[in-house]
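A structural walkthrough
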Amino acid sequence: MHKSINNLTIIEEQIKSRFGNTLKSKIIAVSKTFPIDEIEPLINYGHIHFGENKVQEAVDKWTNIKTNFQNLKLH
């Protein structure tokens, strides 16, 4: 399992153990400064919420990938 997926599942389990399944929140993976090849495992896993803070970096990084994964949400 890729490190980022492992980290995400740990966070999800911590939230579920503390709040149960009643909490309706979204985890935003901070993707700024990470290359797309580090982010793709999370995308392929089904995660759709990612955080960027520089518009030009986001455009360069996400334009091509969003054509294949149109449900991705950038914050």
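A short tour of the structure in this document, coming up. What you see is a predicted model, and the numbers here were worked out from it, not measured in a lab. (Residues numbered from 1 in each chain as written. Predicted model: local features only at pLDDT ≥ 70, side-chain atom pairs only at ≥ 80, totals over all residues. Heavy atoms only, no water.)

1. Section: the pattern of salt bridges
Summed over all chains, the structure comprises two salt bridges. Where K61 meets E52, a salt bridge forms, and the shortest distance between an N and an O atom there is 2.9 Å. Judged by relative accessible area, which is 13%, K61 ranks as buried. Residue E52 is classed as buried on the basis of its relative accessible area, which comes to 13%. As a salt-bridge pair, K61 and E57 come within 3.5 Å of each other at their nearest N and O atoms. Here K61 and its partner E57 are both found in helix α3 (residues 55–68), four residues apart, which amounts to about one turn of the helix. (Salt bridge = Lys/Arg side-chain N within 4 Å of Asp/Glu carboxyl O. Buried < 20%, exposed > 50% of the residue type's maximum accessible area, 1.4 Å probe, protein only. Helix = DSSP H or I, 4+ residues; strand = E, 2+ residues; numbered from the N terminus.)

2. Regarding α3
In this model, α3 (14 residues) spans 20 Å end to end at C-alpha, consistent with the 20 Å of a helix rising 1.5 Å per residue. Its axis deflected by about 50 degrees at W62, α3 carries its strongest bend there. Listed in full, the buried residues belonging to α3 are A58, K61, W62 and I65. Turning to α3, the residues buried within the fold contact α2 (36–45), β2 (49–51) and β3 (73–74). (Expected span 1.5 Å × (residues − 1). Bend = angle between axes of the 7 residues up to and from the residue. Contact = heavy atoms within 4.5 Å.)

3. Observations concerning the packing of α2 against α3
Between α2 and α3, whose axes approach to 11 Å, the crossing angle comes to 40 degrees. Considering how the two elements wind past one another, α2 and α3 form a crossing that is right-handed. Contact with α2, carried on its side by I36, I39, E40 and I43, involves K61, W62 and I65 of α3 and no other residues of that element. (Axes fitted to C-alpha atoms, helices over the stretch in contact; angles between N-to-C directions. Left-handed = near helix turned anticlockwise from the far one by under 90°.)

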